[in-house]
Amino acid sequence: MDFNITAEEEAVAFRVAAALRAGRSPTDDDLAEELGEEVRPLLQSLLDKGWLVVNEERELSLSVIARAAVSSRRDVEGP
């Protein structure tokens, strides 16, 4: 897992975490509709870096390590 992520990637990771906490499993299309098409390269980068995983229904979730990293950042709230 690559822990070097940009501020924009971090914001997207926190957005996914917030959706999951709210009981939603967003897809890339859901996030693109909500945040704009420019989110797609950020999602791909987070997938490549091991922060996100995608299931057969294209639903995104945080990897186990990403969940730990996000939960340890109590000082940061996702958008």
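Shown above is the structure to which this text applies.
Residues numbered from 1 in each chain as written. Predicted model: local features only at pLDDT ≥ 70, side-chain atom pairs only at ≥ 80, totals over all residues. Heavy atoms only, no water.

A. Examining helix α3 (residues 39–48) more closely. Every buried residue of α3 is accounted for by Val-39, Leu-43, Ser-45 and Leu-46. The buried residues of α3 occupy an angular sector of 160° when projected down its axis, which confines them to one face. Relative to its buried face, α3 has exposed residues pointing more than 90 degrees away, namely Pro-41 and Asp-48. Next to the buried residues of α3 lie α1 (7–21), α2 (28–35), β1 (52–54) and β2 (60–62). (Buried < 20%, exposed > 50% of the residue type's maximum accessible area, 1.4 Å probe, protein only. Helix = DSSP H or I, 4+ residues; strand = E, 2+ residues; numbered from the N terminus. Arc of directions from axis to C-beta. Contact = heavy atoms within 4.5 Å.)

B. The arrangement of the nonpolar core in detail. Within the largest apolar cluster, 17 residues are counted, with the highest numbers of intra-cluster contacts made by Leu-43, Trp-51, Leu-52 and Leu-62. Listed by contribution, the elements that provide at least two residues to this core are α1, α2, α3, β2 and α4 (64–71). The element that contributes the greatest number of residues to this core is α1, accounting for five residues. Not counting residues within four places of it along the chain, the set of residues in contact with Trp-51 comprises Met-1, Asp-2, Phe-3, Ile-5, Ala-13, Leu-46, Ser-61, Leu-62, Ser-63, Ala-66, Ala-69 and Val-70. (Core = buried A, V, L, I, M, F, W, Y, C linked by side-chain atoms within 4.5 Å.)

C. Main features of the packing of α2 against α3. Following both chains from N to C, one finds α2 and α3 inclined at 140°, their axes separated by 9 Å at the closest point. Taken together, α2 and α3 sit at an angle that is classed as oblique. Two packed elements cross with a definite hand, and for α2 against α3 that hand is right-handed. Of α3, the residues touching α2 (which contributes Asp-28, Asp-29, Leu-31, Ala-32 and Leu-35) are Val-39, Arg-40 and Leu-43. When grouped by side-chain class, the residues that make up the contact of α2 with α3 number five nonpolar, no polar and three charged. (Axes fitted to C-alpha atoms, helices over the stretch in contact; angles between N-to-C directions. Parallel < 35°, antiparallel > 145°, perpendicular 65-115°, else oblique. Left-handed = near helix turned anticlockwise from the far one by under 90°. Nonpolar A, V, L, I, M, F, W, Y, C, P; charged D, E, K, R; others polar.)

D. The environment of Pro-26, seen in detail. Tracing the backbone through its elements, the reader meets Pro-26 in the loop between α1 and α2. Apart from the residues within four sequence positions on either side, Pro-26 is in contact with Ala-19, Leu-20, Leu-31, Arg-58, Glu-59 and Leu-60.

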